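Here's the letter readout for the chains.
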Amino acid sequence: MSEEMQLTLEHTLKTMRKLKEAKAEIKRLSEANTQVWSDNERLRAALDGVLRAVCGPDGFAAAIRQTSGMMYPWPALDAAEREARAVLAQEKPND
């Protein structure tokens, strides 16, 4: 085998190894990304549940306000509720 062919073969094999490593890394990252989306869905569901339990019409804040009227201002809760609702209203990238 000529030296030129040997160099070409070595380069091709090296490139093929790099491609195989890249493919494995892409698979690993894809699996990690899938896990992140799954975790994100669970977090969104949990946030929605907490929002309903605390800020919903039958939630904790409503019960407090019902008994005390608006004499019990809760600006921090109001701000957190707005932020939580804004987050939940955002479209998910895969929609």
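Residues numbered from 1 in each chain as written. Predicted model: local features only at pLDDT ≥ 70, side-chain atom pairs only at ≥ 80, totals over all residues. Heavy atoms only, no water.

Visitor: So what exactly am I meant to see when it comes to the overall build of the chain here?
Guide: For the chain, the helix and strand inventory stands at three helices and zero strands. Helices and strands in the chain line up, N terminus first, as α-α-α. Taken against the 2.2 N^0.38 rule, which gives 12 Å for 95 residues, the C-alpha radius of gyration of the chain at 27 Å runs more than 25% over that of a compact globule. The C-alpha extent of the chain, read off along each of the three principal axes, is 90 × 20 × 20 Å. Burial analysis of the chain (95 residues in total) assigns 11% to the buried set. By sequence separation, contacts in the chain at least 24 residues apart represent 46% of the contacts at least 6 residues apart. (Helix = DSSP H or I, 4+ residues; strand = E, 2+ residues; numbered from the N terminus. Rg over C-alpha atoms; globule rule 2.2 N^0.38 Å. Buried < 20%, exposed > 50% of the residue type's maximum accessible area, 1.4 Å probe, protein only. Contact = heavy atoms within 4.5 Å.)

Visitor: Explanation requested: the packing of helix α1 (residues 3-55) against helix α3 (residues 75-89) in the structure shown.
Guide: The relative placement of two packed helices comes down to the angle between their axes together with the axis-to-axis distance. The interhelical angle for the contact between α1 and α3, taken along N-to-C directions, is 145 degrees, at an axis separation of 10 Å. Regarding α1 and α3, the two cross each other, and that crossing is left-handed. Contacts between α1 and α3 involve Arg44, Leu47, Asp48, Leu51, Val54 and Cys55 on the former and, on the latter, Leu77, Glu81, Ala84, Arg85, Val87 and Leu88. Here the residues of the contact of α1 with α3 are counted per class, giving eight nonpolar, no polar and four charged. (Axes fitted to C-alpha atoms, helices over the stretch in contact; angles between N-to-C directions. Left-handed = near helix turned anticlockwise from the far one by under 90°. Nonpolar A, V, L, I, M, F, W, Y, C, P; charged D, E, K, R; others polar.)

Visitor: Explain a nonpolar patch on the surface here, please?
Guide: Together, Met1, Met5, Leu9, Leu13 and Met16 give the surface a local cluster of nonpolar side chains, amounting to about 540 Å² of exposed area. Accessibility expressed as a relative area gives 53% for Met5, which makes it exposed. (Patch = residues over 30% accessible without salt bridge, like charges linked within 9 Å, V, L, I, M, F, W, Y side chains within 5 Å. Areas by Shrake-Rupley, 256 points an atom, 1.4 Å probe, with all protein chains shown as cover. Salt bridge = Lys/Arg side-chain N within 4 Å of Asp/Glu carboxyl O.)

Visitor: How should I be thinking about the pattern of salt bridges in this particular structure?
Guide: Pairs can form between side chains of opposite charge whenever their charged atoms are close. Scanning all chains against the criterion turns up four salt bridges. Of the charged contacts, one joins Arg42 and Asp39 as a salt bridge, the two residues approaching to 2.9 Å between their closest N and O atoms. Of this pair, Arg42 and Asp39 are both found in helix α1, three residues apart, which corresponds to roughly one turn of the helix. A relative accessible area of 53% places Arg42 in the exposed class. Notably, a salt bridge pairs Glu81 with Arg85, separated by 3.0 Å at the nearest N-O pair. With a gap of four residues between them, Glu81 and Arg85 both fall in helix α3, about one helical turn apart. The class of Arg85 is partly exposed, set by a relative accessible area of 42%.

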